[in-house]
Amino acid sequence: MEIELWAMVGEPEALALAGPGATLLTGAGAAYAVGSDTLVVIGGGVSGEAHAAAEEMILPGPFPELIEERLAGMLRPVVHAFARMPDGCLALGAAQATELSYRRGALHDIRLRFEAPVPSDLLGRVPPGMDWLDLAVDDPVGAMERFIASWYAEIPERRETPAAAGLPTALRAFHRAAAGRPEVYGMTSRIYPEPFAGHPEELITFGQDGDGVVTVLMEPDGDDPRVYYDGLSDRLLPERERLSRYLLHATLARAAMDSPLGGMAFVDRPQARRVIAPLRRVPLQPMRWPSLFSRCYAGPGTVVLIGEDDADWFEMYVGVRRPGLLRRLRKLGLDWESFTDSAEPE
């Protein structure tokens, strides 16, 4: 049985490529069919560096034991990769498992490289990966790393990471993922390339808002310290989440606020509900900045930050990866304070 490259097929037809008697398995956002010498992978979407190079797919763990056995063995099977789409599965062709990444002894993700790069005109049809969102609660550092890899994939890494000695694990991971890119460190709010001591309360300063009025601090000890704001009130104000989850939430907020594609508006409750209707709420406690209750919502290629200070009105920021994702927002009839898009192909 053969399937034409980049053709749309049904999931049963795709899985049948593994041959009769194949073992069907499911993982984190992916489906697998394991045959005697063939492995079929149907992923939730091309993610990470794949959007920049159009050559790779990153599969998130955890994985069924049989998948790890086959891909980590000496004789690796032929891999047929598909991306799950709203109307079926897009055939991405043959691929090889080029890298297996482990964390704490467990297989964390698998990098597949396609034999033939996916044409750029097809990338707009393939949804960006959302695997990071499933990790937000149990592995916020991993979620942050995967989100940054996907959202900022087109921006070249500069590898200008600061010395990481003595920094908490989450902050070291952020600097590695940022890889010297100013866009990741932020504009509306910033994470400093190097934190510094000297605060009167013996806290470490590691970030600030874009105006320099509010600074972000952390406790000097512990691998996942408490986070505080200086400048939001007449006293230090503790953030609701510790550093690891704060960095994920703040990274998402910067994507919504700083994206070159998107907008900002003040919306009422019904309007806010319409905006976030197709999205998933990021399952973290609300941040205290830029509003007292600031929550993030995400979908493929979209991040929305909604801040609540007033019972009737919300401060909303929207960032997207592609201009086409703004079509639905334009149709909602919102009174945008700012709205930036670009010419869209017909």
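Everything here concerns the structure above.
In every chain, residue numbers begin from 1 and rise along the written sequence. For this predicted model, a pLDDT threshold of at least 70 governs which residues receive local features, and a threshold of 80 or more governs which side-chain atom pairs are given and counted, while totals over whole chains, interfaces and linings are taken from all residues. In computing side-chain properties, one takes all heavy atoms of the structure into account and sets aside hydrogens as well as water.

Student: It is not clear to me how the packing of aromatic side chains should be interpreted in this structure. Could you clarify?
Tutor: Describing an aromatic ring pair means giving the distance of the ring centres and the angle of the ring planes. Any two of the Phe, Tyr and Trp rings considered here, Trp counted by its six-membered ring, make a pair once their centres fall within 6.5 Å; the pair's planes then place it as stacked at under 30 degrees, edge-to-face at over 60, or tilted in between. On inspection of all chains with the given rule, the structure shows 7 aromatic pairs. When the centroid spacing of 5.1 Å and the interplanar angle of 70° are considered together, the rings of Trp132 and Phe147 count as edge-to-face. Here Trp132, found in the loop between α4 (120-123) and α5 (140-151), pairs with Phe147, found in helix α5; they are 15 residues apart in sequence, far enough to count as distant. As far as burial versus exposure is concerned, Trp132 and Phe147 are alike and both buried. Between Tyr192 and Phe196 the ring centres are 5.6 Å apart and the planes differ by 25°, which places this aromatic pair in the stacked class. For Phe196, a relative accessible area of 42% translates into the label partly exposed. Grouped by ring-pair contacts, the aromatic residues Trp132, Phe147 and Trp151 constitute a single cluster. Counting from the N terminus, the helices are DSSP H or I runs at least four residues long and the strands are E runs at least two residues long. Think of it in three bands: residues with accessible area under 20% of the maximum for their type are buried, residues over 50% are exposed, and the middle band is partly exposed, with areas taken using a 1.4 Å probe on protein chains only.

Student: Is there a simple way to explain the pattern of salt bridges in this structure?
Tutor: Pairing is possible between side chains that carry opposite charge, provided their charged atoms lie close to one another. Any carboxyl oxygen of Asp or Glu within 4 Å of a side-chain nitrogen of Lys or Arg constitutes a salt bridge here. Inspection of every chain in the model, using the stated rule, returns 6 salt bridges. As a salt-bridge pair, Glu99 and Arg111 come within 3.5 Å of each other at their nearest N and O atoms. Taken as a pair, Glu99 in strand β7 (residues 88-103) and Arg111 in strand β8 (residues 106-114) lie far apart in primary sequence, 12 residues in all. You can call Glu99 partly exposed: its relative accessible area is 37%. Residue classification places Arg111 among the buried residues on the basis of a relative accessible area of 19%. Between Arg330 and Asp341 there is a salt bridge, with its nearest N and O atoms 2.8 Å apart. Linking Arg330 in helix α10 (residues 327-330) with Asp341 in the segment after β19 (336-340), this pair joins segments that are 11 residues apart in sequence. Its relative accessible area of 38% is what places Arg330 among the partly exposed residues. When its relative accessible area of 35% is taken as the criterion, Asp341 is described as partly exposed.

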